[in-house]
Amino acid sequence: MRAVVDDRATEGCCGSGQLHDYQLHGYIDNKALKTIGADRKLDEILVLHLVNGKDYFISVSGYLVQTAFGRKITDLVRIPEPVRRANLLVDIDQAPDDTVDDTAPPMLNIPKELWKIVDYLYQNALYEEELFAVRGAPIDIGAVRDAVDTDTPIRVSSVHSVAESLILFLDSFPDPVIPYQHYHICLEQCAHFANSRRALKNIDYSHRNVFKYVCAFLREILSHTEQNKSSAKFLSRVFGDVLLKPQLPEVGNIAKATSKKRSLFVYQFLTNDYDDA
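As a starting point, this report considers the structure included with it.

Rules of the game
- The residue numbers shown here count from 1 along each chain, following its written sequence.
- Local features are withheld for residues below a pLDDT of 70 in this predicted model, meaning they are given only at 70 or higher, and side-chain atom pairs are given and counted only at 80 or more; totals for whole chains, interfaces and linings count all residues.
- Water and hydrogen atoms play no part in the side-chain values, which are based on all heavy atoms of the structure.
- By the convention used here, strands pair only if DSSP detects at least 2 bridges between them.
- The way it works is that DSSP assigns letters per residue, a run of H or I at least four long becomes a helix, a run of E at least two long becomes a strand, and they are numbered from the N terminus.
- Should any heavy atoms of two residues lie within 4.5 Å, those residues are considered in contact.
- Definition of a polar contact: a pair of N or O atoms within 3.5 Å, with one able to donate and the other able to accept a hydrogen when the atoms are protein atoms, and with sequence-neighbouring residues admitted only if both atoms are side-chain atoms.
- Patch building starts from residues that exceed 30% relative accessible area and form no salt bridge, then joins like charges within 9 Å and nonpolar side chains (Val, Leu, Ile, Met, Phe, Trp, Tyr) within 5 Å.
- In this description, accessible areas are obtained by the Shrake-Rupley approach with a 1.4 Å probe, and a residue is regarded as covered only by the protein chains that are shown.
- A side-chain nitrogen of Lys or Arg and a carboxyl oxygen of Asp or Glu constitute a salt bridge if their distance falls within 4 Å.
- For every residue, the accessible area (1.4 Å probe, protein chains only) is compared with the maximum for its type, and the residue is labelled buried under 20%, exposed over 50%, or partly exposed between those bounds.

Moving on to the pairing of strand β4 (residues 55-63). Direction of pairing for strand β3 (residues 41-49) relative to β4: antiparallel, over a ladder of nine bridges. Across the sheet, residue H49 finds its bridge partner in β4, namely D55. What sits between β3 and β4 in their antiparallel hairpin is a turn of five residues, with N52 showing a positive phi close to 60°.

Written out as structure tokens, the structure reads:
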């Protein structure tokens with residue numbers, strides 16, 4: 001199934017002759033996003049099962065709205081306006097569309113959507129305890145996505161929803177912040193900051209800037225640990241598995257070992273100052 005359907009209830013009761021309104025919420029996660037074709041069309045069949053009755057098959061269809069989530073970093077830095085505009089064709093396969101010249105220099109140092117999310121957290125969450133440890137509300141996370149896609153103010157009930165949105169946004173890039181071709185090199189150099197720094201310098205400009213920007217924000221959080229109780233080990237563990245990802249799934253002891261190395265690589269940049277990496 002491409003989209004996960006959340007009906008907010010697993011069962012209900014409706015008497016004979018009564019009417020009952022039933023609202024379904026479709027949730028498309030990053031994994032499902034990658035299965036959607038370039039036409040952005042969604043087609044699903046829901047099954048309504050009645051106790052002591054027959055099953056009803058309900059067809060549901062729609063189109064995925066234009067979003068920055070799931071696009072390439074190199075695309076986003078070349079789109080200065082909100083992505084949700086009528087004349088921008090979104091290619092879920094992440095090939096640059098007709099409005100984006102992939103050979104042109106980037107217009108932005110980092111995706112504006114990343115700046116918007118981080119700026120909100122900077123203004124509202126530096127002293128918040130358990131940041132990136134508490135799950136956000138799905139309705140708020142949807143509101144954050146809409147806000148960054150339309151360049152409107154972020155309005156949510158909890159900063160934790162924005163924090164989770166940051167994780168989801170970074171995790172949605174088809175080529176991770178540390179690109180797949182640099183993954184193993186970065187893991188090999190993770191034990192020492194100087195080596196990690198040299199490995200980072202070999203990464204392309206836009207991806208490197210995103211990594212540096214995120215780490216700079218995390219260091220700002222760590223400068224307020226007396227209030228927010230956060231730690232470099234915790235943040236490096238959370239973001240290590242998002243900023244660095246293997247192209248092929250890892251399992252067992254290999255997965256455990258590389259997860260520690262991903263965390264250590266990020267840890268180097270949270271505990272050391274750098275400017276020209």
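Structure's up, so let's keep going.
Let us now look at the environment of I45. Here I45 is to be found in strand β3. Taking C-alpha positions, I45 is 8.6 Å from S61, a pair spaced 16 residues apart along the chain. Leave out the neighbours within four places in its chain, and I45 touches F57, I58 and S59.

Quick look at the side chain of S196 now. With respect to the helices, strands and loops of the structure, S196 is situated in helix α7 (residues 193-201). Of the polar contacts made by the side chain of S196, one reaches the backbone oxygen of Q189; its length is 2.8 Å. The residues touching S196, leaving out its near neighbours within four places in the chain, are Q189, C190, F265, Q268 and F269.

The next subject is a nonpolar patch on the surface. Taken together, the side chains of L48, L50, Y56, I58 and V60 make up a nonpolar region of the molecular surface, amounting to roughly 390 Å² of accessible area. By residue number, the principal contributor to the nonpolar patch is β4, which donates three residues. Residue position: Y56 is located in strand β4. When its relative accessible area of 38% is taken as the criterion, Y56 is described as partly exposed.

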